[in-house]
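Per-entry structural report
Here are the chains, one letter per residue:
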Amino acid sequence: VEHLLQHSSVFYLFSVILFISSVNGANQLHIGGIFPIAGKGGWQGGQACMPAAKLALQDVNENPDLLPGFNLTLHSNDSECEPGLGASVMYNLLYNSPQKLMLLAGCSTVCTTVAEAAKMWNLVVLCYGASSPALSDRSRFPTLFRTHPSATVHNPTRIKLMQKFDWSRVAILQQAEEVFISTVEDLETRCKDAGIEIVTRQSFLSDPTDAVRNLRRQDARIIVGLFYVVAARRVLCEMFKQQLYGRAYVWFFIGWYEDNWYEVNLKNENISCTKEQMKMAAEGHLTTEALMWNQNNQKTISGMSSEDFRKRLNAALIEEGYDINHNRYPEGYQEAPLAYDAVWSVALAFNKTMQRLTEQNSGKNLKDFTYTDKEIANAIYAAMNSTQFLGVSGVVAFSSQGDRIALTQIEQMIDGQYFKLGYYDTQADNLTWFDKEKWNGEKVPQDRTIVRRVLRTVSLPLFICMSTISSFGILVAITLIVFNIWHRHRRVIQSSHPVCNTIMLFGVIICLVSVILLGIDGQFITAENYPKVCQARAWILSTGFTLSYGAMFSKVWRVHRFTTKTKTDPKKKVEPWKLYTMVSGLLAVDLVILLTWQMQDPLQRRLETFPLEDPISSNDDVKIRPELEHCESHNNSVWLGVIYGFKGLILVFGLFLAYETRSIKVKQINDSRYVGMSIYNVVVLCLITAPVAMVIASQQDASFAFVALAVIFCCFLSMLLIFVPKVIEVLRHPKDKVESKFSNDTGISKEDEERYQKLISENDDLQKLIAQKEDKIRLLKQRLTERETKSPAQPFNESVNGTTVGGVHFNPSSSTALAQK
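Residues numbered from 1 in each chain as written. Predicted model: local features only at pLDDT ≥ 70, side-chain atom pairs only at ≥ 80, totals over all residues. Heavy atoms only, no water.

1. Quick look at the state of the cysteines
Threshold: A pair of cysteine sulfur atoms is labelled a disulfide when the two atoms are within 2.5 Å. For the purposes of this entry, the term helix denotes a DSSP run of H or I that reaches at least four residues, the term strand denotes a run of E that reaches at least two, and both are numbered from the N terminus. Throughout this description, buried means an accessible area under 20% of the type-specific maximum (1.4 Å probe, protein chains only), exposed means over 50%, and partly exposed covers the range between.
This structure, assessed with the given rule, holds 4 disulfides. Two residues, Cys81 and Cys107, share a disulfide whose sulfurs are 1.9 Å apart. Of note, the bridge from Cys81 to Cys107 carries an S-S torsion of about 55° and is right-handed in sense. Of this pair, Cys81 sits in the loop between strand E2 (71-78) and helix H3 (83-95) while Cys107 sits in the loop between strand E3 (102-106) and helix H4 (108-118), and the two are 26 residues apart along the sequence. The pair formed by Cys81 and Cys107 is uniform in burial state, with each residue classed as buried. Residue Cys111 pairs covalently with Cys127 via a disulfide, S to S 2.5 Å. Classification of the bridge connecting Cys111 and Cys127 rests on its S-S torsion, roughly -130°, and on that basis the disulfide is left-handed.

Put into structure tokens, the structure is as follows:
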């Protein structure tokens with residue numbers, strides 16, 4: 001009996017174990033898991049997310065109030081973040097027993113493939129690590145939820161930071177993946193709404209070299225980078241090579257990289273930069289990430305705080321061989337709380353579904369779910385949609401698009417470590433800022449190279465020097481005008497036409513005033529008043545030249561008339577009023593041209609820009625854009641051609657007259673030679689100055705100095721040549737008789753000139769007569785000699801002197817007198 005009892009107790013215990021085992025096996029709720037772990041590209045966050053999911057399964061199954069009578073079982077495999085492999089894993093999970101109630105997936109590209117296909121099996125997909133904005137499309141992914149916030153949640157935070165730091169010009173560098181393409185499209189829309197310019201958008205597939213180089217060409221300073229961590233390391237190395245880092249640049253990176261992402265796997269991925277170089281390039285960059293760890297040290301639904309979970313996760317990762325103690329975290333460490341809360345979301349949704357099915361008295365249970373059962377599928381979807389709890393990643397709740405609602409966190413890398421700068425609540429538009437940011441240049445970087453427009457102006461010392469000389473010349477001219485008027489009755493002044501001299505001096509004064517106007521630019525007047533100065537320059541310089549040169553031209557023209565009219569019509573006179581008429585005519589032509597120019601095509605202010613230059617000394621990111629003011633009209637070359645053509649003809653004609661009369665002296669114009677010399681100098685200087693000034697027009701100091709000196713030299717030289725001899729004459733003979741102001745010196749001088757010409761003509765006639773007489777004397781002497789040889793006895797000496805020889809009376813004294821006359 002005792003033996004039987006022993007056998008019966010063993011049998012009973014064995015039966016209980018079999019019963020429990022059969023019950024446990026029958027009450028398993030199976031879910032599928034797709035984790036990216038061992039891939040070489042994309043996001044391999046399954047390395048830390050899968051251990052976190054296992055911890056969540058353990059905690060869920062140990063909770064007696066959650067899924068009573070059931071155990072949650074996870075069946076998983078590696079997708080390597082490859083969409084094709086992820087689809088294969090999904091099909092293997094679905095077509096191999098047991099039947100799955102829900103799918104967990106990570107990596108946006110895999111989630112896109114799985115979520116788009118899962119609706120055909122009436123399966124809800126929960127993504128713990130997918131941020132692609134494309135997944136928010138409910139019509140395309142009707143059964144998708146995700147504990148990882150959409151990547152678009154970063155964009156409002158980025159916009160907020162740009163507005164905070166007054167950045168209105170940004171560039172975008174993206175990897176050619178759907179998650180980043182859709183994120184960039186959303187960012188572009190938000191930037192446009194916020195008035196932020198996107199200067200360039202560069203994309204790359206695997207090699208970012210050309211894209212980063214293009215950023216430098218576009219002078220990008222604030223750059224948003226969107227790429228997976230493997231590509232991020234290549235971008236960072238290229239940033240170092242292209243010198244796109246430091247105080248002048250700010251990079252926005254994705255925040256879900258691991259803290260030491262920039263210094264790991266460099267050799268395996270053939271990164272040519274060292275750790276020090278990578279750290280140098282990464283210094284100061286900003287990251288935005290959805291808040292994935294609960295910031296409050298409070299108990300969550302699992303009974304742990306986020307710090308408790310961190311300790312458990314670290315222990316689990318150490319067991320799997322990760323060197324956590326030396327900050328060597330596996331990829332996906334930041335997203336591990338999302339995977340943990342994803343499993344809890346599944347358990348809570350199943351729990352709520354079981355309650356609803358019980359309340360409906362439909363007789364159905366979660367174990368009865370098939371891939372064609374829409375009723376249970378809808379119940380699971382509704383339960384998931386209404387899920388809300390406090391997890392280790394924060395408050396877990398889903399929007400109508402299935403997206404996670406979460407705060408965003410802003411960090412900055414300072415001295416190789418990430419420091420939290422603040423948080424942004426998108427829904428409340430509330431930015432919490434800690435003022436811990438640190439910039440390399442001790443100030444907020446600029447969003448572009450500041451181009452300072454610097455107006456090139458005439459050097460102030462040069463302007464003062466030329467203005468002083470011109471002012472002195474004006475005083476000299478005024479003094480000479482007074483001298484000319486005061487001594488107008490003296491013959492030395494009266495013979496040089498004092499009115500013409502006064503006109504010339506007025507012209508000199510006007511030309512010297514134009515020198516001052518040539519130096520007045522943007523340092524003295526506003527841009528609105530600059531065209532007025534342009535018009536004044538044209539009028540004053542042209543008028544002054546006409547008055548001064550026209551007066552000298554009329555004088556040399558009169559000298560030329562004297563030398564020609566006296567031969568054809570000796571009684572013809574050139575009246576003085578004709579000189580003034582000539583000056584008035586030249587001035588009238590000037591006025592017509594200038595009035596037409598001003599009315600039809602007035603001079604305006606035009607800016608000539610030069611290439612950018614570096615400032616002499618500045619710590620700011622500044623370039624200098626030199627600008628130079630010019631006076632120009634639309635048809636400027638045409639009007640200049642007319643002016644130069646008219647002035648050129650007068651110059652050439654004046655040069656011709658001066659050459660023709662170079663050796664002529666007339667009493668009526670006693671300074672004709674000096675006037676001719678003045679015209680020579682004016683012509684030569686004008687022919688040199690005009691083309692040279694056009695060539696050096698872009699060099700404000702050289703141009704002003706050259707033109708000013710040419711004008712000043714012409715004016716001073718003309719005054720010197722014409723007036724210095726007169727001043728010397730007056731000083732030498734201060735008490736000369738002053739003639740009546742009513743005397744007509746011009747007529748008397750003309751008669752003297754005619755008498756002088758007659759005397760010259762009479763002298764020529766007498767010289768010819770003397771020559772004839774000498775010829776006759778020679779002939780007579782020859783005949784006398786011949787006669788003496790024939791008849792030597794006849795006396796001849798008495799008849800030679802004062803006698804008639806051969807019918808000709810010969811008197812030596814008369815021949816001598818004739819020769820003297």
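2. A closer look at the UniProt feature "transmembrane region" (unreviewed entry) in the protein
Where we set the bar: UniProt positions are given in the numbering used here, feature names are shortened, and annotations may be inferred rather than shown by experiment.
Here, UniProt's "transmembrane region" (unreviewed entry) annotation points to residues 460-486, 498-518, 538-557, 577-597, 638-659, 679-698 and 704-724. Secondary structure across residues 538-557 comprises 100% helix and 0% strand; the distance between its end C-alpha atoms is 27 Å. A helix fraction of 100% and a strand fraction of 0% characterise residues 704-724, whose end C-alpha atoms lie 29 Å from each other.

3. Thoughts on the sheet that holds strand E9 (residues 250-254)
As a reminder, the rule being used: We call two strands paired when DSSP finds no fewer than two bridges between them. As a rule, the C-alpha atoms of each element are fitted with a line to give its axis, helices using only the stretch in contact, and angles between N-to-C directions run from 0 to 180 degrees. Any pair of residues with heavy atoms lying within 4.5 Å of one another is described as a contacting pair.
With mixed pairing, 8 strands are arranged side by side in an open sheet as E7-E6-E8-E9-E10-E13-E14-E15. Looking along the sheet, the strands with just one partner apiece sit at the ends: strand E7 (197-204) and strand E15 (430-433). Recorded for the sheet is a direction-independent mean angle of 25° between the axes of neighbouring strands. Two elements, strand E6 (residues 169-175) and E7, share 7 bridges in a ladder whose sense is parallel. Opposite Arg169, over in E7, you have Glu197 as the bridge partner. Running over the sheet, helix H5 (residues 154-164) touches E6, strand E8 (222-226), E9, strand E10 (286-290), strand E13 (408-414), strand E14 (417-425) and E15 and is turned about 145° from E10. Strands in contact with helix H8 (residues 229-242) are E6, E7 and E9; relative to E9, the strand with the most contacts, it is inclined by about 170°.

4. Brief notes about the sheet that holds strand E5 (residues 144-146)
Read from one edge of the open sheet, 5 strands run E2-E1-E3-E4-E5, paired in parallel fashion. Each edge of the open sheet carries a strand with a single partner, namely E2 and E5. Across the sheet, the mean angle separating the axes of adjacent strands is 25° when strand polarity is ignored. Across 3 bridges, the pairing between strand E1 (residues 28-35) and E3 is parallel. Within E3, the residue paired with Gly32 across the bridge is Leu103. Here H3 sits on the sheet and contacts E1, E2 and E3; the angle it forms with E1, its principal contact strand, is near 165°.

5. As for unusual backbone geometry
For the bond running from Ser97 to Pro98, omega is -5°, close enough to zero to count as cis. Among the structural elements, Pro98 can be located in the loop between H3 and E3. One non-glycine residue, Asp429, lies in positive phi territory at about 50°. As for its placement among the helices and strands, Asp429 is situated in the loop between E14 and E15.

6. Points about the nonpolar core
Where we set the bar: Only buried residues count toward a nonpolar core, which is a set of Ala, Val, Leu, Ile, Met, Phe, Trp, Tyr and Cys residues joined through side-chain atoms within 4.5 Å.
The biggest cluster of nonpolar side chains holds 144 residues, and the ones touching the most others in it are Leu67, Leu72, Leu173, Trp251 and Phe350. Looking at which element gives the most residues to this core, the answer is helix H11 (residues 336-360), with 13 residues. In this structure, Trp251 is in contact with Leu173, Leu215, Ile223, Val235, Met239, Leu244, His285 and Leu286, ignoring residues within four places of it in sequence. By size, the runner-up hydrophobic cluster in this structure holds 54 residues, among which are Met466, Ala477, Met552 and Met582.

7. A look at the pattern of salt bridges
Note the cut-off: Salt bridges are defined as contacts in which a side-chain nitrogen from Lys or Arg sits within 4 Å of a carboxyl oxygen from Asp or Glu.
Per the stated rule, a full pass over the model turns up 18 salt bridges. Asp447 is the salt-bridge partner of Arg448, the closest N and O atoms lying 3.1 Å from each other. We classify Asp447 as buried; its relative accessible area is 8%. Shared partners join several salt bridges into a network, and the residues in it are Glu116, Arg140 and Glu178.

8. Notes on the packing of helix H2 (residues 46-62) against H11
Basically, it comes down to this: Put simply, a crossing is left-handed when the front helix is turned counterclockwise from the back one by less than a right angle, and right-handed when it is turned clockwise. Note on residue categories: nonpolar means Ala, Val, Leu, Ile, Met, Phe, Trp, Tyr, Cys or Pro, charged means Asp, Glu, Lys or Arg, and polar means any other residue, Gly included.
Where H2 contacts H11, the axes come no closer than 7 Å and their chain directions differ by 35°. Classified by chirality, the crossing of H11 by H2 is right-handed. Across from Ala48, Cys49, Ala52, Ala53, Leu55, Ala56, Leu57, Asp59 and Val60 in H2, the residues of H11 making contact are Ala336, Ala339, Tyr340, Val343, Trp344 and Ala347. Split into classes, the residues belonging to the contact of H2 with H11 amount to 14 nonpolar, no polar and 1 charged.

9. What to know about the environment of Lys279
For Lys279, the position within the fold is in helix H9 (residues 275-282). Classification of Lys279 as partly exposed rests on a relative accessible area of 39%. Setting aside residues no more than four positions away along its own chain, Lys279 makes contact with Tyr262, Asp415 and Gly416.

10. Observations regarding the packing of H8 against H9
Applied cut-off: Any angle between 65 and 115 degrees counts as roughly perpendicular, while under 35 counts as roughly parallel, over 145 as roughly antiparallel, and the rest as oblique.
Orientation of H8 relative to H9, taken along the N-to-C sense of each, is 85°, at an axis distance of 9 Å. Considered as vectors, H8 and H9 are oriented roughly perpendicular to each other. Of H9, the residues touching H8 (which contributes Arg233, Leu236, Cys237, Met239 and Phe240) are Gln277, Met278, Met280, Ala281 and Ala282.

11. Considering the pairing of E6
For the record, the criterion: For a crossover, the right-handed case is the one in which the path from the first strand over the helix to the second runs clockwise, viewed with the strands pointing away from the viewer.
Most of E6 is tucked away, with 7 of its 7 residues classed as buried. Neither face of E6 is open: one carries Arg169, Ala171, Leu173 and Gln175, the other Val170, Ile172 and Gln174, and all of them are buried. As a crossover connection, the stretch from E6 through helix H6 (residues 178-194) into E7 is right-handed. Here E6 runs beside E8; their pairing, made up of 4 bridges, is parallel. Looking at the pairing, Gln174 lines up with Leu226 of E8.

12. What to know about the packing of aromatic side chains
Heads up, the condition is: Ring pairs are drawn from Phe, Tyr and Trp, using the six-membered ring of Trp, whenever the two centres fall within 6.5 Å, and their geometry is named by plane angle: stacked under 30 degrees, edge-to-face over 60, tilted for the rest. Only when the NZ atom of a Lys or the CZ atom of an Arg is both within 6 Å of the ring centre and within 35 degrees of the ring normal do we say a charge sits over the ring.
One pass over the full model with this rule turns up 31 aromatic pairs. Between Phe180 and Tyr228 the ring centres are 5.0 Å apart and the planes differ by 70°, which places this aromatic pair in the edge-to-face class. Pair noted here: Phe180 is in helix H6 and Tyr228 is in the loop between E8 and H8, with a separation of 48 residues, a long-range link. Taken as a pair, Phe180 and Tyr228 share a single burial class, namely buried. Centroid distance Phe240 to Tyr245: 5.6 Å. Interplanar angle 15°. Geometry classified as stacked. Considered together, Phe240 and Tyr245 belong to a single accessibility category, that of buried residues. Among the aromatic residues, ring-to-ring pairing joins Phe180, Phe204, Phe227, Tyr228, Trp251, Phe253, Trp256, Tyr257, Trp261 and Tyr262 into one connected group. In this structure, Arg221 packs its charged tip against the face of Tyr249, placed 5.2 Å from the ring centre.

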